[in-house]
Amino acid sequence: MARTIIEPFRIKSVEPIRWTTRTQREQLLRAAHYNLFLLPADDVLIDLLTDSGTGAMSTHQWAAIMEGDESYAGSRSFDQFRESVQDIFGYQHVIPTHQGRAAERILFSVMCKKGDVVPNNTHFDTTRANVEFVGAEAVDLVIPEGRQPSSRHPFKGNMDVGALESLIDKVGRERVPLVMLTVTNNSGGGQPVSMENVKAVTAVCRRHSIPLYFDACRFAENSYFIKLREPNESYRSKSPKQIAQEMFSYGDGCTMSAKKDGMANIGGFLCTNNDSLAEQEKNLLILTEGYTTYGGLAGRDLEAIAVGVQEALHEDYLQYRIASTAYLGNHISEQGVPIVQPPGGHAVYIDARAFLPHIRAEHFPAVALANELYLQGGIRSVEIGTLMFGASAKMDLLRLAIPRRVYTQSHIDYVVEIILEVWQSREKIRGLNLTYEAPFLRHFTARLEPAEVAASARR
Ligand code: F0G
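Computed from a prediction, not measured in an experiment: that's the story for all the values here.

Caption draft 1: Inspection of the site of the ligand at higher detail. Thr50, Asp215, Ser257, Lys260 and Arg399 are the nearest of the 18 residues found near the ligand. Taking Gly100, its main chain carries an N or O atom lying 2.8 Å from an oxygen atom of the ligand. One nitrogen or oxygen atom from the side chain of Arg218 is found 2.9 Å from an oxygen atom belonging to the ligand. Looking at the shell around the ligand, the elements that each hand over two or more residues are α4 (100–111) and α5 (125–133).

Caption draft 2: Broad picture of helix α7 (residues 195–207). Compared with an ideal rise of 1.5 Å per residue, which puts 13 residues at 18 Å, α7 spans 18 Å between its outermost C-alpha atoms and is within 8% of the ideal. Every buried residue of α7 is listed here: Met195, Asn197, Val198, Val201, Thr202, Val204 and Cys205. On its buried face, α7 sits against α6 (161–171), β5 (179–182), β6 (212–215), α8 (219–229) and α9 (240–249). Ser209 sits one or two positions beyond α7 and adopts a positive phi of about 55°.

Caption draft 3: Highlighting the side chain of Gln310. Mapped onto the fold, Gln310 is located in helix α11 (residues 299–311). Side-chain polar atoms of Gln310 contact the side chain of Ser84, separated by 3.2 Å. A polar contact of 3.0 Å, which involves the side chain of Gln310, links it to the side chain of Asp87. The contact partners of Gln310, leaving out residues within four places of it in the chain, are Ser84, Asp87, Ile88 and Lys241.

Caption draft 4: Molecular detail of the packing of α4 against helix α10 (residues 275–288). Where α4 meets α10, the axes come as close as 10 Å, and the angle between the chain directions of the two elements is 125°. Comparing their axes, α10 and α4 come out oblique. Crossing geometry of α4 relative to α10 is assigned as right-handed. Each of Arg105, Ile106, Leu107, Ser109, Val110 and Met111 in α4 lies in contact with α10, whose residues at this interface are Leu277, Gln280, Glu281, Leu284, Leu285 and Thr288. The residue inventory of the contact of α4 with α10, partitioned by class, reads seven nonpolar, three polar and two charged.

Caption draft 5: Seen up close, the pattern of salt bridges. Under the definition given, this model contains 22 salt bridges. Of the charged contacts, one joins Arg82 and Asp79 as a salt bridge, the two residues approaching to 3.1 Å between their closest N and O atoms. Of the two residues, Arg82 and Asp79 are both situated in helix α3 (residues 76–89); the distance of three residues between them amounts to about one turn of the helix. In the salt-bridge network here, residues are joined through shared partners; they are Asp51, Arg218, Glu221, Asp261, Arg321 and Arg404.

Caption draft 6: Here's a closer look at the pairing of strand β12 (residues 397–401). Counting buried residues along β12, five of its five residues qualify, which places the element largely inside the surrounding structure. Here β12 shows no split at all, with Leu397, Arg399 and Ala401 on one side and Leu398 and Leu400 on the other all buried. Note: strand β9 (residues 347–351) against β12, five bridges, orientation antiparallel. When the bridges of β12 are listed, Tyr349 appears paired with Arg399. Of the pairings in the sheet, the one linking strand β11 (residues 382–384) to β12 comprises three bridges and is antiparallel in character. If you follow Val382 over to β12, its bridge partner there is Arg399.

Caption draft 7: Expanded view of the sheet that holds β9. Taken together, three strands build an open sheet; the order of strands is β9-β12-β11 and the sheet is antiparallel. For this open sheet the edge positions go to β9 and β11, each flanked by a neighbour on one side alone. Pairs of neighbouring strands in the sheet enclose a mean axial angle of 35°, with direction left out of account. Running over the sheet, helix α14 (residues 365–377) touches β9, β11 and β12 and is turned about 40° from β12.

Caption draft 8: Focus on the packing of aromatic side chains. Evaluation of the coordinates by the stated rule reveals 16 aromatic pairs. Through a chain of ring-to-ring contacts, three or more aromatic side chains come together here, namely Phe78, Phe81, Phe89, Tyr91, Phe214, Phe219, Phe248 and Phe269. A cation sits over an aromatic face here: Lys238 above Tyr235, 4.6 Å from the ring centre. Here the guanidinium or amino end of Arg447 rests over the ring plane of Tyr436, the centre of that ring lying 4.6 Å away.

Caption draft 9: Local environment of the side chain of Asp125. Relative to the elements of secondary structure, Asp125 occurs in helix α5. For the buried Asp125, no salt bridge exists, and the shortest N-O distance to an oppositely charged side chain is 6.2 Å, to Arg101. Within the structure, the side chain of Asp125 is placed 2.7 Å from the side chain of His443, a separation counted as a polar contact. Once residues within four sequence positions are removed from consideration, Asp125 is found in contact with Ser187, Met388, Phe389, Leu441, His443 and Phe444.

Caption draft 10: Highlighting the pairing of strand β7 (residues 253–257). Of all five residues in β7, five are buried, a share of seventy percent or more. Side chains Gly253, Thr255 and Ser257 of β7 all project onto a buried face; the interleaved residues Cys254 and Met256 project onto the opposite face, where all are buried too. Bridge analysis of β6 against β7 gives three bridges, and the strand direction is parallel. Across the sheet, Phe214 pairs through a bridge with Cys254, a residue of β7. Sheet topology note: the β7/strand β8 (residues 268–272) ladder contains five bridges and is antiparallel. In the strand pairing of β8, Cys254 is matched with Cys271.

Cut-offs used in this document
- Residues numbered from 1 in each chain as written.
- Predicted model: local features only at pLDDT ≥ 70, side-chain atom pairs only at ≥ 80, totals over all residues.
- Heavy atoms only, no water.
- Near = heavy atom within 4 Å.
- Polar contact = N/O pair within 3.5 Å; in protein donor to acceptor, adjacent residues only side chain to side chain.
- Helix = DSSP H or I, 4+ residues; strand = E, 2+ residues; numbered from the N terminus.
- Expected span 1.5 Å × (residues − 1).
- Buried < 20%, exposed > 50% of the residue type's maximum accessible area, 1.4 Å probe, protein only.
- Contact = heavy atoms within 4.5 Å.
- Axes fitted to C-alpha atoms, helices over the stretch in contact; angles between N-to-C directions.
- Parallel < 35°, antiparallel > 145°, perpendicular 65-115°, else oblique.
- Left-handed = near helix turned anticlockwise from the far one by under 90°.
- Nonpolar A, V, L, I, M, F, W, Y, C, P; charged D, E, K, R; others polar.
- Salt bridge = Lys/Arg side-chain N within 4 Å of Asp/Glu carboxyl O.
- Pairing = 2+ DSSP bridges.
- Phe/Tyr/Trp six-rings, centres within 6.5 Å; stacked < 30°, edge-to-face > 60°.
- Lys NZ or Arg CZ within 6 Å of the ring centre and 35° of its normal.
- Lys, Arg positive; Asp, Glu negative; His and termini not counted.

Right under this line is the structure:
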């Protein structure tokens, strides 16, 4: 059998991408205040900013979109959506939302109050912000290996179960309204959580009667990693869907951004088994998102998600997905580029502190690297580090997120070439200073300037 893992699809519709010159990119970067979020997307050649909402939909999804029932209440599309979600996730109440953070806001508004503590393996930025917005404290309890980029632990997204126990003992059970597990652990390198760890966390939660919720964005990728890597070999013969069903059976609910493993361009949902919470959540949904059978989405979006969550679990797709991300990670790391090992499911994370040891964290090494990849090759990536999380950031990572079913192997070969060129001339890269920041989630709108410019302007 041939060993090359090919894209398990053919391309029916294409979207041109646009070249720019280096001089143009220098001007564009200056105009964007050295923050790639502020660039017009048309001026990006290969966009690896995020895997969120940027995937290509299948013919089945587009066909389902035509079946969209746009009725305000009781839409047939909602029934399709709920049945498909329940088939995989198994929770009693399925509440549609316009994206993941809306599900987070509703969940934390209903379950948390000021002074509460929410443990997670690692909160993603919006999750942390939504916990903090209701006055609660977001605590990250990933295992120590999860904070060491070069460690090759197979499940670096696991929660430190001992640390969870100690935290509950320290703050008291009544201050911990829920525990969350993010699968896969996005802020920690797209690393999976093992089934063994899910069970161990559930056991602690059950003992203290604390509900366990999943941040399920990349549940399909996490399920496939369990199939490949779980120490218990019985998972090798299970389908990703069976694994996902088992994993969710250990929880009490979830938040989900369907823009990731929902294979859709927009959408999300909140699930729970708790009737009284569901009632409060639905009331809040009606107030701010929309009626309970659409939650801010069009009927056609619900149809696309209903098909998408199932497609994300197809084994040929997942094999290609995980292999193509590893292809990028392995090709750059073989040449010495320091990455979070092993490569994650949806993204490769470059360790920018190791790539640019001459740039201190307060000068944002991962932002400097992102800007250089744009200048050199028109590639857009994103910082997950000091700009995103402030001085508390444990690592400065540059994430190259791969949109689902969008780029081919030759696009990725090009990305590898550009990264290796930048690696060769890394000593020349300079850090940045912040000139504007918003009160929260500052990385989206921050303005920066090259560090030397700041220094010479002061002279
Ligand atoms: N949780 C995780 C783990 C995420 O990665 C994201 C989004 C969210 C929640 C929020 O979902 O965007 O639909 O509101 N992550 C995107 C990213 C934005 O680029 O990683 P959302």
